[in-house]
Amino acid sequence: MRPDCTDFRQLFLDDAPMMDMRAPIEFAKGAFPGVVNLPLMTDQERQKVGTCYKQQGQAAAITLGHQLVSGATKRERLHAWASFAKANPNGYLYCFRGGLRSLIVQQWLRDEAGIDYPRIKGGYKALRTFLLETTQQAVEQCDFVLVGGLTGTGKTDVLHQLNNVLDLEGHANHRGSSFGKRATAQPAQIDFENKLAIDVLKKRARGIEQFVLEDEGRIVGSCSVPLELYQGMQQYPLVWLEDSFENRVERILRDYVINLCAEFVDVHGEEDGRRLFAERMLQSMNNIHKRLGGERFQRLSEILGQALDEQQRSGAVDLHRGWIEGLLKEYYDPMYAYQRQAKAERIEFAGDGVEVREYLKARALRAPRSN
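Just so you know, these numbers come straight off a predicted model, no measurement behind them.

> Help me understand the overall build of the protein, please; the structure alone is not making it clear to me.
Looking only at helices and strands, the protein features 17 helices and 9 strands. With 371 residues in all, the protein has 49% of them scored as buried. Put simply, the protein shows about 18,200 Å² of open surface, and 50% of that area lies on carbon and sulfur atoms. Side chains of the protein carry 49 positive and 50 negative charges; the gap between the two charge centres is 6 Å.

> Explain the pairing of strand 5 (residues 210–214) here, please?
Looking along a regular strand, one sees side chains alternate from face to face of the sheet. Summarising burial for strand 5: 5 of the 5 residues are buried, a large majority. Side-chain alternation along strand 5 places Q210, V212 and E214 on one buried face and F211 and L213 on a second face that is also buried. Strand direction decides the pairing type here: strand 4 (residues 143–149) and strand 5, joined by 5 bridges, are parallel. Bridging across to strand 5, V147 finds its partner in E214.

> Sorry if this is basic, but what is going on with the sheet that holds strand 2 (residues 36–37) here?
Note on sheets: strands pair through backbone hydrogen bonds, and any given pair is parallel or antiparallel. Ordered by their spatial adjacency, 3 strands build an open sheet running 2-1-3, and the pairing between neighbours is parallel. On the outer flanks of this sheet lie strand 2 and strand 3 (92–94), each paired with one strand and no other. Where strand 1 (residues 18–20) meets strand 3, 3 bridges bridge the pair, whose relative direction is parallel. Within strand 3, the position partnered with M18 by the bridge is Y92. Strands in contact with helix 6 (residues 100–113) are strand 1 and strand 3; relative to strand 3, the strand with the most contacts, it is inclined by about 140 degrees.

> Mind showing me how you'd approach the layout of surface pockets here?
Rolled over the atoms, a probe as big as a water molecule pinpoints where empty space is left. Roughly 920 Å³ of volume is contained in the largest pocket. As for the largest pocket, its lining consists of 42 residues, of which E169, R175, G176, E214 and Y336 are closest to the centre. In terms of residue class, the lining of the largest pocket is made up of 9 nonpolar, 19 polar and 14 charged. In this structure, the second largest pocket occupies an estimated 630 Å³ of space. M41, R46, V49, L100 and R101 are the residues nearest the centre of the second largest pocket, which is lined by 22 residues in total. Breaking the lining of the second largest pocket down by element, the ones donating at least two residues are helix 3 (43–56), helix 4 (58–68) and helix 6. Among the residues making up the lining of the second largest pocket, the classes are represented as 12 nonpolar, 6 polar and 4 charged.

> Please explain helix 17 (residues 353–366) as it appears in this structure.
Given 3.6 residues to a turn, an α-helix orients residues that are three or four positions apart in the same direction. For helix 17, with 14 residues, the first-to-last C-alpha span of 20 Å sits near the 20 Å given by 1.5 Å per residue. The inward-facing, buried residues of helix 17 contact strand 4, helix 8 (155–159), strand 5, strand 8 (238–241) and strand 9 (347–351). The backbone nitrogen of V354 has a side-chain oxygen 3.2 Å away, supplied by the residue at the start of helix 17, namely D352.

> Before we go on, may I ask you to explain unusual backbone geometry in this structure?
Glycine aside, a negative phi is what most residues show, and trans is what most peptide bonds show. Here the phi dihedral of D15 falls at roughly 50 degrees; this positive angle occurs in a residue that is not glycine. Residue position: D15 is located in the loop between helix 1 (8–13) and strand 1. Accessibility expressed as a relative area gives 54% for D15, which makes it exposed. One non-glycine residue, N173, lies in the positive phi region at around 50 degrees. Residue position: N173 is located in the loop between helix 9 (168–172) and helix 10 (189–205).

Parameters and conventions
Residues numbered from 1 in each chain as written. Predicted model: local features only at pLDDT ≥ 70, side-chain atom pairs only at ≥ 80, totals over all residues. Heavy atoms only, no water. Helix = DSSP H or I, 4+ residues; strand = E, 2+ residues; numbered from the N terminus. Buried < 20%, exposed > 50% of the residue type's maximum accessible area, 1.4 Å probe, protein only. Areas by Shrake-Rupley, 256 points an atom, 1.4 Å probe, with all protein chains shown as cover. Lys, Arg positive; Asp, Glu negative; His and termini not counted. Charge placed at Lys NZ, Arg CZ, Asp CG, Glu CD. Pairing = 2+ DSSP bridges. Contact = heavy atoms within 4.5 Å. Axes fitted to C-alpha atoms, helices over the stretch in contact; angles between N-to-C directions. 1 Å grid on protein atoms, 1.4 Å probe; cavity = no way out; pocket = protein on both sides within 12 Å on 5 of 7 lines; lining within 4 Å. Points joined across faces, edges and corners; volume = space filled by probe spheres on them. Nonpolar A, V, L, I, M, F, W, Y, C, P; charged D, E, K, R; others polar. Expected span 1.5 Å × (residues − 1). Polar contact = N/O pair within 3.5 Å; in protein donor to acceptor, adjacent residues only side chain to side chain.

This is the structure in structure tokens:
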């Protein structure tokens, strides 16, 4: 039999299969990538056992738990656990603290299915603590550089050509701007933090000790950048990406109109996808209503509405350039120009996409590497 696991680092480096015994409500608040939730108890069962524990103590709560998970219910859940264990012989199971729930499942698997299956000591809480410490240690020990630039300069495009990037927007499933919401939902805050930490862990295991980040705000959509990392981002050196106004308009048209509409159609089907895409765009414009001011909001919203109507009618996207150009000139560019001026002392290089990419690659070669 494989021993119970305490090597959390290797678990995540190996993408070890894991089944989570916690109730669905616990799992939804935060989990790890690829983990399967096969709970010992449903949310309702867990609530009943918790109430019993408070009123009558541990022994009564354990007795109630065995009553609730018995007979056909127990056989059904045991079958699911055994199926996972057989399909993933190199996997592990865990509960919140690696305590009673995982011990019970481990015992039932052994005694009633003949399967010896190891658990993770310390459970979810220990794994989560390990990942929080992973991010904190990277902030303390590694070198970081930010990529900034006006909206639409293609910062994400450049980052995706590097092997030492931490893609905050990718992990948050959001493009970071008022129009950055995707067709699919963002992860829970804990899931976002866990994915980021595992990304850091795997890159450091490959010897990477310098990371490139996009210059983000504290919040990426609904996901908050870990505080220690965000605080560091206020001092990290900055590389500024430049591109022509025309190229930026076309890139925004591609990413926020053509590709986003295709995302919605892919997720929701042709008719609903196009309708939901149009609703999302109008809502995104409305989200910055106060910052735009009444007249400007009304004018750009009308252009956006006409562009969406034409896109729905004929598929043409040309009219979208009108509101994109207006937003860039009147809203985003003045805001980013102010930010650049405030960060001028931290800018160590500026150039177009090719120049910035090559600079960052050369910079990474000069960075110290771990063993």
